[in-house]
Amino acid sequence: MPGEPTHKELTGKKLEQRWQETSESMNALYGPEENRTQETIAQSIQEFLQRTLTSEHFAKEGRTHIVCIDEGCACSHSVEDLIALAGSGIVMGDNYDTSLETATQTVKDMGIEVVTSHAGCGAGNLAFKELPEEAQQHYTDLFNKLTKEEGKGTQYLSPSDLYAADFAQGLATEAGLDYRHISAKEMTRPEDMHTARMIVVDATGRLQPQRIDNLPPAFLISEKYLSPEYAQAELSVALSIALGDHGFGKHFKDNEPLVVIVLGAPSSESFNDTIESVKQLVDTEFADKPVQVVEYQVDPDVFSDKH
Ligand SMILES: [Zn+2]
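What comes next concerns the included structure. Fair warning: this is a prediction, and the values are worked out from it, not measured in the lab.

About the cut-offs
Residues numbered from 1 in each chain as written. Predicted model: local features only at pLDDT ≥ 70, side-chain atom pairs only at ≥ 80, totals over all residues. Helix = DSSP H or I, 4+ residues; strand = E, 2+ residues; numbered from the N terminus. Rg over C-alpha atoms; globule rule 2.2 N^0.38 Å. Buried ≥ 20, exposed ≤ 12 C-beta atoms within 10 Å, placed from the backbone. Axes fitted to C-alpha atoms, helices over the stretch in contact; angles between N-to-C directions. Parallel < 35°, antiparallel > 145°, perpendicular 65-115°, else oblique. Left-handed = near helix turned anticlockwise from the far one by under 90°. Contact = placed C-beta atoms within 7 Å. Nonpolar A, V, L, I, M, F, W, Y, C, P; charged D, E, K, R; others polar. Expected span 1.5 Å × (residues − 1). Pairing = 2+ DSSP bridges. Core = buried A, V, L, I, M, F, W, Y, C linked by C-beta atoms within 7 Å.

1. Details of the overall build of the chain
Broken down by element type, the chain carries 10 helices and eight strands. A compact globule built from 307 residues should have a C-alpha radius of gyration of about 19 Å, and the chain, at 19 Å, falls within 12% of that. On the principal axes, the C-alpha backbone points of the chain span a range of 55 × 55 × 35 Å. Burial statistics for the chain: of 307 residues in total, 40% are counted as buried.

2. Focus: the packing of helix H4 (residues 96-107) against helix H7 (residues 159-175)
For any two helices packed against each other, one specifies the crossing angle of their axes together with the interaxial distance. For the pair H4 and H7, interaxial distance at closest approach is 10 Å and the crossing angle is 50°. Taken together, the axes of H4 and H7 lie oblique to each other. The two elements H4 and H7 meet at a crossing, and its hand is right-handed. Together, Tyr96, Ser99, Leu100, Ala103, Thr104 and Val107 of H4 and Phe167, Gly170, Leu171, Glu174 and Ala175 of H7 make up the contact between the two elements. Partitioned by chemical class, the residues of the contact of H4 with H7 number seven nonpolar, three polar and one charged.

3. With respect to H7
Over its 17 residues, H7 extends 25 Å from the first C-alpha to the last, a length consistent with the 24 Å expected when each residue adds 1.5 Å. Counting buried positions over the 17 residues of H7 gives 12, a clear majority of the element. For H7, every residue scored as buried is listed here: Pro159, Ser160, Asp161, Leu162, Tyr163, Ala164, Ala165, Phe167, Ala168, Gly170, Leu171 and Ala172. Those residues of H7 that are buried lie in contact with H4, strand E3 (114-118), helix H5 (122-129), helix H6 (133-150) and strand E4 (178-182). Backbone geometry just after H7 places glycine 176 at a positive phi near 70°.

4. A closer look at helix H8 (residues 228-243)
Compared with an ideal rise of 1.5 Å per residue, which puts 16 residues at 22 Å, H8 spans 22 Å between its outermost C-alpha atoms and is within 8% of the ideal. Those residues of H8 lying buried are Ala231, Glu234, Leu235, Ala238, Leu239, Ile241, Ala242 and Leu243. Buried positions along H8 lie against H5, strand E5 (198-202), strand E6 (218-221), strand E7 (258-264), helix H9 (271-285) and strand E8 (291-297).

5. Points about the sheet that holds E3
Strand order in the open sheet made by the four strands is E2-E1-E3-E4, with parallel pairing throughout. Each edge of the sheet is formed by a strand with only one pairing partner; in this case those strands are strand E2 (82-84) and E4. Neighbour-to-neighbour, the strand axes of the sheet open up by a mean angle of 30°, direction not taken into account. Relative to E2, strand E1 (residues 65-67) runs parallel, the two being bridged by three bridges. Bridge pairing in E2 places isoleucine 66 opposite isoleucine 83. The sheet contacts of H7 involve E3 and E4, and relative to E3 the element is tilted by about 175°.

6. Some details on the packing of H6 against H7
Two numbers describe how H6 lies on H7: the axes approach to 8 Å, and their chain directions differ by 105°. Accordingly, the angle class assigned to the pair H6 and H7 is roughly perpendicular. Residue-level inspection shows Gln136, Tyr139, Thr140, Leu142 and Phe143 of H6 in contact with H7, the latter providing Pro159, Leu162 and Tyr163. Among the residues forming the contact of H6 with H7, the class breakdown is six nonpolar, two polar and no charged.

7. Re the nonpolar core
Counting 78 residues, the largest nonpolar core has Ile199 and Val201 as the members making the most contacts within it. It is H7 that provides the largest number of residues to this core, a total of eight residues. Those residues in contact with isoleucine 199 that lie beyond four places of it in its chain are Ala218, Phe219, Ile221, Leu235, Ala238, Leu239, Ala242 and Val260.

8. Focus on unusual backbone geometry
Phi angles above zero are rare outside glycine, and asparagine 35 is one such case at about 55°. Relative to the helices and strands, asparagine 35 is located in the loop between helix H1 (7-30) and helix H2 (38-52). Of note, serine 88 is a non-glycine position whose phi angle comes to about 50°, a positive value.

9. Some remarks on the sheet that holds E8
Read from one edge to the other, the open sheet built from four strands follows the order E6-E5-E7-E8, with strand pairing classed as parallel. Where the open sheet ends on each side, the last strands, each with one partner, are E6 and E8. With strand direction ignored, the average angle separating the axes of adjacent strands in the sheet is 20°. Sheet topology note: the E5/E7 ladder contains five bridges and is parallel. When the sheet's bridge partners are listed, aspartate 202 is paired in E7 with leucine 263. Across the sheet, H8 lies against E5, E6, E7 and E8, angled at about 170° from E6, the strand it touches most. Relative to the sheet, H9 contacts E5, E7 and E8, its axis offset from that of E7 by approximately 160°.

In structure tokens:
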């Protein structure tokens, strides 16, 4: 209709509104706007982590849930204990079978109890696009049938969501674990956009971002459990989404950058390698983008298991 705002305009408005909403918590991390530099931002964020993180923010034993790296899941209060894996492992291999094999190996001995899938999974969509046409059609038919039966009540937003749910269920069965789907309502972002202001590369493997008050929406990469190459691949996906059209994209600027926090365990010997690997990816694939890497090593007191 003439005069009515288009879908793109509506999304743009909503995105602008979300940027404003997340700016309050993010500005507290960036520090004072005047004379803001990379150095002052890094210092301000390190100070935030220093005064904020407590032992409560780190899982004491094995995490109970595997969730997607998506900020809507990693920061969701519907999950008590979590560890992140993109699409619960759906892009770990070249196809369903190789991904399932690698993901099953990865989740073994983690103390995991539940594998999850979620509404609007971007990793699921990446994997779906690689499926043979026949398989894509199968999930499309299934999705059409489901939306016809359940209308808008369906928990799945696309055919690729159904594929990702199938994969997560397959992984749960293979590894002898429970399965659950995280609905759009349970996620901490709108279903049609990504609102991540940060990415946390967690080399401690125990961080629980959903328990940190006033943490801006953040992707979570549980680097500790991943090969360096695969951790880079997950980080690349997270950066692409946050900086792309489905994320805040052009809202990020040099003095309001997308922040990548690299979190290390106390006296970890591999922490420097992790930092180098993150910087290498950012400096090559995202060299012209406003991305800032901030490293932080957790205090031994905070990290201790003995509380
Ligand atoms: Zn996802």
